[in-house]
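Results of the structural survey
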Amino acid sequence: MEGSRNVTQIVSTFIIIGFPSSRSLQILFFFLFLFMYILTTIENLLVITIIWKSRNLHKPMYFFLGNLSFLEAWYVTVTVPKLLCIFISDNKQITFTACMTQLFFFLFLGCTEGVLLTVMAFGRYVAICNPLHYVTKMNWHFCFVLAVCTWITGFVIAIIKIYFISQLTFCHSNLINHFYCDVSPILNLACTDMKQTEVVDFVLALIILLVPLLLTCLSYLCILITIFRIPHSSGRKKAFSTCGSHLVVVIILYSTTLFMYARPSRAQSINSNKLVSVVYTVVTPFLNPIIYCLRNKEVKAAVYKLLSTN
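Residues numbered from 1 in each chain as written. Predicted model: local features only at pLDDT ≥ 70, side-chain atom pairs only at ≥ 80, totals over all residues. Heavy atoms only, no water.

Turning to a nonpolar patch on the surface, a few remarks are in order. Together, Val199, Phe202, Val203, Leu206, Ile207, Leu210, Val211, Leu214, Leu215, Leu218, Leu221 and Ile225 make up a nonpolar patch on the protein surface, roughly 1100 Å² of accessible area in all. Take Val211: it is sitting in helix α7 (residues 195–228). A residue is classified by how much of its surface remains accessible, and Val211, at 42% relative accessible area, is partly exposed. (Patch = residues over 30% accessible without salt bridge, like charges linked within 9 Å, V, L, I, M, F, W, Y side chains within 5 Å. Areas by Shrake-Rupley, 256 points an atom, 1.4 Å probe, with all protein chains shown as cover. Salt bridge = Lys/Arg side-chain N within 4 Å of Asp/Glu carboxyl O. Helix = DSSP H or I, 4+ residues; strand = E, 2+ residues; numbered from the N terminus. Buried < 20%, exposed > 50% of the residue type's maximum accessible area, 1.4 Å probe, protein only.)

Structure follows, in C-alpha cells:
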C-alpha cells in the first residue's frame with residue numbers, strides 16, 4: 001500500500017520509516033544494532049544465570065535484579081529484530097495486528113520496568129533506613145508478591161491502552177515515522193475521534209510515570225537523610241554504594257522518558273525522538289547489566305567462584 005496523505009481506505013498495513021539513509025549506512029546500522037542486540041541478550045542472560053547458580057546472591061536485591069534482566073532481554077527483542085529486518089531487507093511493512101502486538105509488549109515491559117525500579121528503590125530504602133528489620137520485611141513471600149504485582153501492573157496498563165488504540169480507524173496515512181510502533185506516531189494516523197483514547201493514554205501515562213517516580217524520589221530522600229546521619233565517612237560511602245548503581249539506572253530511564261513524553265508538542269522533533277528512543281530501547285538495556293555488575297563485589301565474587309568451580 002502506498003504511504004500517502006491521500007489514502008482514503010482503511011489502513012490494514014503500516015510502513016515503518018525507520019532511519020532513512022544510504023544503503024551503506026543501512027548495512028552499518030544493521031551490524032551495529034545486531035552487535036548490541038546480541039551482547040545485550042547475552043549480558044542479561046548471564047546475570048540471570050549467575051544469580052540463579054550462586055547461593056550467595058539469593059537475596060531480595062538480586063531477585064529483583066534478575067527480574068529486571070529477564071525483562072530487558074525481552075524488551076530489546078520487541079523492537080530490534082524488526083529494525084534489523086528493515087536495515088537488511090528494506091521490508092518496512094508491518095500488519096495492523098503485528099503493530100498492535102509490538103506496541104502491547106513495548107508498553108507492557110516499559111511500564112513494568114518503571115514499577116520494578118520503584119520496588120528496587122523501596123528495597124534499598126528498607127536495607128539502609130531499617131536494616132534491623134530488613135530480613136523480616138523483605139522476606140521471600142513479600143518479594144514474590146511485589147514482583148507479581150509489578151508485572152500485573154504493567155500488563156493492565158498496556159492492555160487498557162491497546163484496547164482503546166486498537167478501536168481507532170486509520171485512514172489518513174500508513175507511514176509510521178519511527179523505527180517501531182509507538183503510541184504517538186500511531187495516534188497521528190487515526191482518522192476517527194480519538195479524544196477518549198487520548199485522555200485514557202494521558203491519564204495512564206501520568207499514573208505509570210509520575211507515581212513510580214515520586215515514590216522512588218521519596219525512597220531516595222529518606223535514604224539520603226539516613227546516610228547523612230551516619231557519623232563516619234566510610235559508613236556513608238558504603239551505604240551510598242549499595243544504591244549508587246540503581247540510582248544511575250533510574251536517572252537514565254526517567255531523563256529519557258521525561259524528555260520524550262513531558263515536552264510541549266512544538267518542541268518535539270521526530271529525529272530527536274528517534275535518537276532518544278534508541279537510548280531507552282537499545283542502549284539502556286545494554287548498559288544496565290554493566291552498571292549493576294561492574295562494581296558489585298558480590299557479583300564479581302560469584303562469577304569467580306562459578307568459573308573456578310567449572
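Take the confidence of the model for the chain next. Of all residues in the chain, 91% have pLDDT values of 70 or greater, and the mean over the chain is 85. Within the chain, the element-level pLDDT minimum falls on helix α8 (residues 233–261), averaging 77, and the maximum on helix α5 (residues 140–166), averaging 95. Ignoring residues within four places in sequence, the model shows residues 1–9, a span with pLDDT below 50, making 23 contacts including any to other chains. (pLDDT = per-residue confidence, 0-100. Contact = heavy atoms within 4.5 Å.)

Before going further, it helps to examine the pairing of strand β1 (residues 13–16). The pairing of β1 with strand β2 (residues 93–95) spans three bridges and is antiparallel. Paired with Phe14 across the bridge in β2 is Ile94. Bridge count for β1 against strand β3 (residues 175–176) is two bridges, and the pairing is parallel. The residue bridging Ile15 from the neighbouring strand is Leu175, located in β3. (Pairing = 2+ DSSP bridges.)

In this section: the state of the cysteines. Within this structure, the stated rule accounts for one disulfide. Between the sulfur atoms of Cys99 and its disulfide mate Cys181 the distance is 2.1 Å. Residues Cys99 and Cys181 are joined through a disulfide that is left-handed, its torsion about the S-S bond being -125 degrees. Taken together, the residues span a long stretch of sequence, with Cys99 in helix α3 (residues 96–129) and Cys181 in the loop between β3 and α6 (183–187) at a distance of 82 residues. The same class applies to Cys99 and to Cys181, which are both buried. With no disulfide of its own, Cys85 has Cys181 as its nearest cysteine by sulfur position, at a separation of 13 Å. When its relative accessible area of 38% is taken as the criterion, Cys85 is described as partly exposed. With no disulfide of its own, Cys149 has Cys143 as its nearest cysteine by sulfur position, at a separation of 12 Å. (Disulfide = S-S within 2.5 Å.)

The next thing to look at is the layout of surface pockets. Which parts of space are left empty comes out when a probe the size of a water molecule is rolled across the atoms. Within this model, the second largest pocket holds a volume of roughly 1000 Å³. Lining the second largest pocket are 32 residues, and of these Lys238, Ser241, Thr242, Cys243 and Asn296 sit closest to its centre. Sorting the residues of the lining of the second largest pocket by element identifies α2 (60–89), α3, α8, α9 (270–293) and α10 (297–309) as the ones contributing at least two each. A breakdown of the residues in the lining of the second largest pocket according to their chemical character gives 16 nonpolar, eight polar and eight charged. (1 Å grid on protein atoms, 1.4 Å probe; cavity = no way out; pocket = protein on both sides within 12 Å on 5 of 7 lines; lining within 4 Å. Points joined across faces, edges and corners; volume = space filled by probe spheres on them. Nonpolar A, V, L, I, M, F, W, Y, C, P; charged D, E, K, R; others polar.)

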